[in-house]
Amino acid sequence: MTATKPTGRRRLGLLRGRNGSDRDVMKSEEEWRTQLTPEQFRVLRRHGTERPFSGPHVQPDGSGVYRCVACGAGLFRAETKFESGTGWPSFSAGVADGVETRRDYSLGVPRTEVLCRRCGGHLGHVFNDGPAPGGKRYCINACALGDGREVQDPDPRGE
Ligand SMILES: [Zn+2]
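Attention in this report is confined to the structure presented alongside it. (Residues numbered from 1 in each chain as written. Predicted model: local features only at pLDDT ≥ 70, side-chain atom pairs only at ≥ 80, totals over all residues.)

**Some details on the overall build of the protein**
- What the protein contains, in helices and strands, is three helices and nine strands.
- Each helix (α) and strand (β) of the protein, taken in turn from the N terminus, gives the series α-α-α-β-β-β-β-β-β-β-β-β.
- Here the protein, with 159 residues, has 33% of them falling under the buried criterion.
- Counted over contacts in the protein with a minimum sequence separation of 6, partners at least 24 positions apart contribute 56%. (Helix = DSSP H or I, 4+ residues; strand = E, 2+ residues; numbered from the N terminus. Buried ≥ 20, exposed ≤ 12 C-beta atoms within 10 Å, placed from the backbone. Contact = placed C-beta atoms within 7 Å.)

As structure tokens, then:
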């Protein structure tokens with residue numbers, strides 16, 4: 001399991017005119033609570049997990065980019081989506097500059113948590129039982145992806 005490398009995020013942030021903070025999008029708990037639905041807040045800011053089959057993005061469909069509901073960052077391309085049978089949206093890859101991973105020991109067994117790189121929101125976990133060739137399965141909470149993807153915008157960073 002490899003941690004995502006810091007690939008010039010700060011420099012890009014400056015070029016995009018963002019502040020120099022660790023996250024490009026930083027808000028208080030109250031701001032997030034106001035912006036997000038209770039379920040989205042529980043998942044994204046409290047590292048929760050939605051019930052399987054509760055979200056709208058389970059079936060693979062079309063093309064485009066799924067975005068973070070909290071900050072709008074491009075996270076997953078529809079082309080990498082596959083049906084895992086788990087009841088959660090599943091992807092074989094994340095957008096390179098969109099997601100990051102870290103080790104998560106909250107259940108006592110090591111897992112790899114998937115986070116939105118821009119706002120730090122919890123998205124789900126990545127497992128090594130995905131389809132070839134990469135073998136990755138990004139198991140993502142549908143509510144973190146909002147109400148759908150943007151098909152028109154080919155730039156996953158949304159700039
Ligand atoms: Zn985000």
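**Topic: the environment of Phe 127**
- Secondary-structure assignment places Phe 127 in strand 7 (residues 122-127).
- Here Phe 127 falls in the partly exposed class, since 16 other C-beta atoms lie within 10 Å of it.
- Measuring from C-alpha to C-alpha, the distance between Phe 127 and Thr 112 comes to 7.2 Å, with 15 residues separating the pair along the chain.
- Contact partners of Phe 127, with chain neighbours within four places excluded, come to Arg 137 and Cys 139.

**Remarks on helix 3 (residues 38-46)**
- Burial in helix 3 covers these residues: Gln 40, Val 43 and Leu 44. Along helix 3, the residues classed as buried sweep out an arc of 85 degrees about the axis, all on the same side. Exposed positions of helix 3 whose direction lies more than 90 degrees from the buried face are Pro 38 and Arg 46.
- If you follow the buried residues of helix 3, they end up packed against strand 7. (Arc of directions from axis to C-beta.)

**Remarks on the pairing of strand 2 (residues 74-77)**
- Pairing geometry for strand 1 (residues 65-67) and strand 2, over three bridges, is antiparallel. Across the sheet, residue Arg 67 finds its bridge partner in strand 2, namely Gly 74.
- Where strand 1 folds back onto strand 2 in an antiparallel hairpin, the turn is made up of six residues, including Gly 72, whose phi is positive at roughly 85 degrees. (Pairing = 2+ DSSP bridges.)

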